[in-house]
Amino acid sequence: MIVYGLKTCDTCRKAVKALAAAGREPVLRDIRAAPLSPEELARFLEAFGADLINRRSTTWRGLSEAERAAAPDALLRAHPALMKRPVIDADGRLYLGWDATVQATVI
């Protein structure tokens with residue numbers, strides 16, 4: 001099980017801790033330190049589309065209108081922290097976020 005996110009993200013850390021406590025073996029992959037490959041990014045965008053962009057983030061608020069108009073894949077390549085977190089790859093299935101629905105499914 002891979003949890004894609006940021007090592008400094010509280011939600012990502014909560015997800016990893018809860019998954020480990022439930023007996024899963026999550027690995028946190030910091031997308032700043034180990035950026036997504038083009039194939040991984042394409043897979044995430046296919047699964048989640050524009051929902052993969054975190055439009056409430058500090059990074060998003062710092063972008064100009066011209067930058068915000070870019071395609072999601074270009075935005076995420078240029079600014080990995082724009083990815084909504086975490087993305088969890090559990091047994092080949094992808095989950096976005098750490099809400100009650102995701103928790104009930106992956107734990």
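Remember, it's a predicted structure, so these values are computed and weren't measured experimentally.

**Q** Break down the overall build of the protein for me, citing the residues and quoting the values.
**A** What the protein contains, in helices and strands, is 6 helices and 4 strands. What you see in the protein, going N to C, is helices and strands ordered as β-α-β-α-α-α-α-β-β-α. Taken over C-alpha atoms, the radius of gyration comes to 14 Å for the protein, in line with the 13 Å a tight globule of 107 residues would show. With the principal axes as the frame, the protein shows a C-alpha extent of 45 × 25 × 25 Å. Sorting the 107 residues of the protein into buried and exposed places 38% on the buried side. Across the protein, the fraction of contacts at a sequence separation of at least 24, relative to all contacts at a separation of at least 6, is 58%. When the accessible surface of the protein is totalled, it reaches about 6100 Å², and 51% of it is carbon and sulfur. Here the protein contributes 16 positive and 13 negative side-chain charges, whose respective centroids are spaced 7 Å apart.

**Q** Go over the pairing of strand β1 (residues 2-5), please, and point to the residues and values.
**A** Here β1 pairs with strand β2 (residues 27-30) via 4 bridges, running parallel. In the sheet register, Y4 faces β2, and the bridge partner there is R29. Handedness of the crossover joining β1 and β2 through helix α1 (residues 10-21) is recorded here as right-handed. Pairing of β1 with strand β3 (residues 87-90), which is carried by 3 bridges, proceeds in the antiparallel orientation. Counted as the bridge partner of Y4 is V87 from β3.

Criteria and cut-off values
- Residues numbered from 1 in each chain as written.
- Predicted model: local features only at pLDDT ≥ 70, side-chain atom pairs only at ≥ 80, totals over all residues.
- Heavy atoms only, no water.
- Helix = DSSP H or I, 4+ residues; strand = E, 2+ residues; numbered from the N terminus.
- Rg over C-alpha atoms; globule rule 2.2 N^0.38 Å.
- Buried < 20%, exposed > 50% of the residue type's maximum accessible area, 1.4 Å probe, protein only.
- Contact = heavy atoms within 4.5 Å.
- Areas by Shrake-Rupley, 256 points an atom, 1.4 Å probe, with all protein chains shown as cover.
- Lys, Arg positive; Asp, Glu negative; His and termini not counted.
- Charge placed at Lys NZ, Arg CZ, Asp CG, Glu CD.
- Pairing = 2+ DSSP bridges.
- Right-handed = clockwise from strand over helix to strand, strands pointing away.

Honestly, that's just the spatial picture; any functional story needs more than this.
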